[in-house]
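Geometric and topological summary
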Amino acid sequence: MKLLFRYLSSMRLLLTAGLSIKMLSTLIELVIPYILSHILDNVVPSESISAILLWGGAMILCAGAALAGNTIANRIAAKTSRNMTEAVRHDLFQKTMSLSCRTADRFTIPSLEARLTSDTYNLHNMVGMMQRIGVRAPLLLIGGLIVTLVLDARLALIMIAALPIMVLVILFVSKCGIPMYSGVQERVDGMVRVVREDAQGIRVIKALSKKDLERRRFDSANRALIRAERNVSFVMSLSNPVMQLFLNLGLVAVVLFGAYLVNDGISQPGKIIGFQQYFTLISMAMLTMTRIFIAFSKGIASAERIREVLDSENELVLRSEKDFPRRVTDDHVRFEKVTFSYG
């Protein structure tokens, strides 16, 4: 995370503006189901067309404001993540060019290539997603819970009962995901190494009739990458079905209990419909948070690999002219009858 703060600190004004607009548009979005509930329970029974049009217009205005705010915030998020990734790639490339041969061999050239390409892409994706939905999803979740408690605390408690299980699922997925994604990136390094060696030595491979051998090498590296991706995909794919199961069970319980409350005259139909709208927003927020944790797992694993290169020790240090002062000498190097040409 220090790597992110290091680069995002220079864009804090743009970042703050984008996050503020995203928060405001999300809060406006939370008002829409409440207005719908008010229309059904209070405005429609009054049979006032003007009041219905007024509150319906308020819903349209809120929807338009939320749409505009989300669009602006998403564009700012794209710009911020793009500028940050550009700066990271620039510094990573400069650092790669200044590495000593021993350090470059320790990281390996294919790994450095993968860190400059796929790892920076994962970082870009994580930063963009954290700005676009990393703010919106928690606000929808917390704000939705607060409003549902205001609407009907009894129905809200049914939904809240399912949240601890879903939180445990997210924690388990994120804890397992980061090291597994690091393993995937190592397999990517291995496959890039084989491709790079084969591309550079294609003439030698053909001359020595080693095409079958190199094909087997590539197949082995490719299968290792597929196995690593399959394992991490299996773990990450557990989150959505489990969370959908508990969210749907909670929704069924809310509908059944709400029907009894309306039938007994304890609650109103508008509250139940508004509650279902908020339940939909909350369920979408919970499912979105699983995507966030997947992108976060990838991004943190890639950020650590990038940080290893950026924070590696500079073994090639330029010495000043004071250490090696100029001196006048007749020594020289002479080239006679030397030619050079490209084949």
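Preceding this paragraph is the structure being described.
Let me sum up the structure you'll find in this document. Note that this is a predicted model, so its numbers are computed, not measured.

**Considerations on a nonpolar patch on the surface**
Taken together, the side chains of L40, V44, I49, I52, L53 and I273 present a nonpolar region at the surface, about 500 Å² in accessible area. Counting residues per element, the ones that place at least two in the nonpolar patch are α2 (12–46) and α3 (49–97). Here the element with the most residues in the nonpolar patch is α3; it accounts for three residues. When you line up the elements, I49 lands in helix α3.

**As for the side chain of E29**
In this structure, E29 sits in helix α2. A residue is classified by how much of its surface remains accessible, and E29, at 14% relative accessible area, is buried. Setting aside residues no more than four positions away along its own chain, E29 makes contact with A66, N70, R136 and L281.

**What about the side chain of T85?**
Take T85: it is sitting in helix α3. Filtering out sequence-adjacent residues up to four positions away, T85 remains in contact with T120 and H124.

**Structural notes on the packing of aromatic side chains**
Evaluation of the coordinates by the stated rule reveals zero aromatic pairs. For R106, the ring lying beneath its charged end belongs to F107, and the centroid distance is 4.7 Å.

**Describing the nonpolar core**
The biggest cluster of nonpolar side chains holds 31 residues, and the ones touching the most others in it are L141, M166, F275, M286 and M289. Broken down by element, the residue count for this core peaks at eleven residues, all from helix α12 (residues 269–310). Counting 22 residues, the second-largest nonpolar core is a separate cluster that includes L4, A104, L112 and L116.

Parameters and conventions
- Residues numbered from 1 in each chain as written.
- Predicted model: local features only at pLDDT ≥ 70, side-chain atom pairs only at ≥ 80, totals over all residues.
- Heavy atoms only, no water.
- Patch = residues over 30% accessible without salt bridge, like charges linked within 9 Å, V, L, I, M, F, W, Y side chains within 5 Å.
- Areas by Shrake-Rupley, 256 points an atom, 1.4 Å probe, with all protein chains shown as cover.
- Salt bridge = Lys/Arg side-chain N within 4 Å of Asp/Glu carboxyl O.
- Helix = DSSP H or I, 4+ residues; strand = E, 2+ residues; numbered from the N terminus.
- Buried < 20%, exposed > 50% of the residue type's maximum accessible area, 1.4 Å probe, protein only.
- Contact = heavy atoms within 4.5 Å.
- Phe/Tyr/Trp six-rings, centres within 6.5 Å; stacked < 30°, edge-to-face > 60°.
- Lys NZ or Arg CZ within 6 Å of the ring centre and 35° of its normal.
- Core = buried A, V, L, I, M, F, W, Y, C linked by side-chain atoms within 4.5 Å.

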